[in-house]
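Remarks on the overall topology
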Amino acid sequence: MKIGWTVVLLAAALPVNGQEIKFPASFDKLAEKAVETVDVTLDSSLLQMAGKFLSKEKTDEAKAKELISGLKGIYVRSFTFEKEGEYSREDVESILSQLKSPSWSRIVGVRSKVKGENADIFLKREGDAVMGLFLIAAEPKQLTVVSISGPIKPEQLSELGGQFGVPEVEVEGAPKKQEPK
Amino acid sequence: MSRLEDELRQALRREEPPAGFAGRVAARAAQQEEREPWWAALVGALSRPPWRWATALAMCLLILAGVTYQRERQRRAEGERAKEQLLLALQITSNKLQMAQEHVLGLRR
């Protein structure tokens, strides 16, 4: 019986569909409160499928195609609320607690008391390689969580500057982009 | 009376129809009215030995083509949906990275 429960608990602790960071159950309640919810779950098979439909001619899509090659999954939850204070610090903490393992390191932490905008960006490192990105943006009326699982070249984030509006994020170890002369 | 008249009378004499003649005429008329429709005639023709296997093969190919077309349509729809979701995910990610970077660079307070 004990072995049975152990198996059940271990199974529950394993990532769902390769998703490393599990979104808490409280997100379902947030979705009910939100006026707008974005729920994107793309595992490796769906990413591969999406990749086949991305055009090589369109710059945005070509960059996206390159970015997703080798990725295990992209998971996004974004909740937009009508009023402020609809989500709690606990909702955010329950996710951040999963990022305390040594493989995850926070590369950006933003706290803005004026605008009430907080953002944290984490990278998962395995040796020199970046194997995952996690982003949480907590704004007064919006909570957004992005989890990208799989190998990401830091320079890809820089290359995406101007694509989809992605800025050039300077990451330790990433070669700096040459300024056009 | 001349011999010619006798011959004519003999040739044109009234004769009774053979037994069952009226019934056979009525049955043939009814059969004409109940003629099978064209498609039934076609099915009948195609189910005759030389055409039977060709018809079965054609039907199988037609069904296979239909199933393949439907699957391809479904696969394309799923692929397009996955692509839209991916682009949306990247757009959201970029917006939030942009926000973080603006804070880091002091462009947004």
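As a reminder, the structure under discussion sits directly above these lines.
Predicted model only: the values in this text are computed from it and were never measured. (Residues numbered from 1 in each chain as written. Chains lettered and ligands numbered in written order. Predicted model: local features only at pLDDT ≥ 70, side-chain atom pairs only at ≥ 80, totals over all residues. Heavy atoms only, no water.)

What follows concerns the sheet that holds strand E5 (residues 129-139) of chain A. Residue and element names in this part refer to chain A. Taking strand neighbours across the sheet as the criterion, the 6 strands line up as E1-E2-E6-E5-E4-E3 in an open arrangement whose pairing is antiparallel. Of all the strands in the sheet, just strand E1 (36-43) and strand E3 (104-112) have a single pairing partner and so form its edges. Going across the sheet, the axis of each strand differs from the next one's by a mean of 5 degrees, ignoring polarity. Bridging between E3 and strand E4 (residues 117-126) involves 8 bridges; their strand directions are antiparallel. (Pairing = 2+ DSSP bridges. Helix = DSSP H or I, 4+ residues; strand = E, 2+ residues; numbered from the N terminus. Axes fitted to C-alpha atoms, helices over the stretch in contact; angles between N-to-C directions.)

Next up on the list: helix H5 (residues 89-96) of chain A. All names here are of chain A. What H5 keeps buried is the set Asp-91, Val-92, Ile-95 and Leu-96. Looking straight down H5, one finds its buried side chains confined to an arc of 130 degrees; they lie on one side. Turning to H5, the residues buried within the fold contact helix H2 (26-33), E4, E5 and strand E6 (142-149). (Buried < 20%, exposed > 50% of the residue type's maximum accessible area, 1.4 Å probe, protein only. Arc of directions from axis to C-beta. Contact = heavy atoms within 4.5 Å.)

A separate point is the pairing of E6(A). Moving residue by residue along a regular strand, the side chains alternate between the two faces of the sheet. Residue and element names in this part refer to chain A. Where burial is concerned, most of E6 is hidden: 7 out of the 8 residues are buried. With 8 bridges joining them, strand E2 (residues 73-80) and E6 adopt antiparallel strand pairing. Across the sheet, Arg-77 pairs through a bridge with Val-145, a residue of E6. Sheet analysis places E5 next to E6, joined by 8 bridges and oriented antiparallel. The residue bridging Phe-134 from the neighbouring strand is Ser-147, located in E6. What sits between the antiparallel neighbours E5 and E6 is a turn of 2 residues.

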